[in-house]
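# Structure at a glance
Each chain is listed here by its residues.
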Amino acid sequence: MGTKQSEALDRTPMWTLDELCTVLRTTPATVHTWRKHGRNPRVYKVGRHLLFADADVREWLEGCAADAERDAAGHRTSRPSTGSGW
């Protein structure tokens, strides 16, 4: 590992899988499914443990929010409202 990258990791708060699940209110199985489909924040595998850098999680969440806004905007413009909420 290069010096620059290891210095960055030294200063980066890391989350465990359990901490990530608590914050996201989800289960480890869900995070593993996200990993299987490539929809997870960047992960560092240390032995059997998965660690997530705080900055990577925040960036991933911002991307999820942007995707949701884009989907919602597309949904509103592509279909007329039926008033049913469904």
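Thresholds, definitions, all that
- Residues numbered from 1 in each chain as written.
- Predicted model: local features only at pLDDT ≥ 70, side-chain atom pairs only at ≥ 80, totals over all residues.
- Heavy atoms only, no water.
- Helix = DSSP H or I, 4+ residues; strand = E, 2+ residues; numbered from the N terminus.
- Buried < 20%, exposed > 50% of the residue type's maximum accessible area, 1.4 Å probe, protein only.
- Areas by Shrake-Rupley, 256 points an atom, 1.4 Å probe, with all protein chains shown as cover.
- Contact = heavy atoms within 4.5 Å.
- Phe/Tyr/Trp six-rings, centres within 6.5 Å; stacked < 30°, edge-to-face > 60°.
- Core = buried A, V, L, I, M, F, W, Y, C linked by side-chain atoms within 4.5 Å.

### Examining the overall build of the protein chain
Looking only at helices and strands, the protein chain has four helices and three strands in total. Beginning at the N terminus, the succession of helices and strands in the protein chain can be written as α-β-α-α-β-β-α. When burial is assessed residue by residue, the protein chain has 19% of its 86 residues classed as buried. When the accessible surface of the protein chain is summed, it comes to about 6900 Å², and 52% of that surface belongs to carbon and sulfur atoms.

### Regarding the side chain of Asn 40
The topology assignment puts Asn 40 in the loop between α3 (28-36) and β2 (44-46). Residue class for Asn 40 comes out buried when judged on its relative accessible area of 18%. Other than its neighbours up to four places away in sequence, Asn 40 contacts Trp 34, Arg 35 and Trp 60.

### Quick look at the packing of aromatic side chains
Using the criterion set out here, one finds one aromatic pair in the structure. Summarising the aromatic geometry, the rings of Trp 34 and Trp 60 are spaced 5.4 Å apart at their centres and angled 50 degrees between planes, so their arrangement reads as tilted. Pair noted here: Trp 34 is in helix α3 and Trp 60 is in helix α4 (residues 54-78), with a separation of 26 residues, a long-range link. Given the relative accessible area of 17%, Trp 60 is considered buried.

### Here's the deal with the nonpolar core
Judged by nonpolar contacts, Trp 15, Leu 17, Leu 20, Cys 21, Val 31, Trp 34, Leu 50, Phe 52, Val 57 and Trp 60 together constitute the single largest core of ten residues. Ranked by residue count, the leading element in this core is helix α2 (residues 17-24), at three residues. In this view, Leu 50 contacts Trp 15, Thr 16, Leu 17, His 32, Arg 35, Val 43, Tyr 44 and Lys 45; residues no more than four positions away in its chain are not counted.

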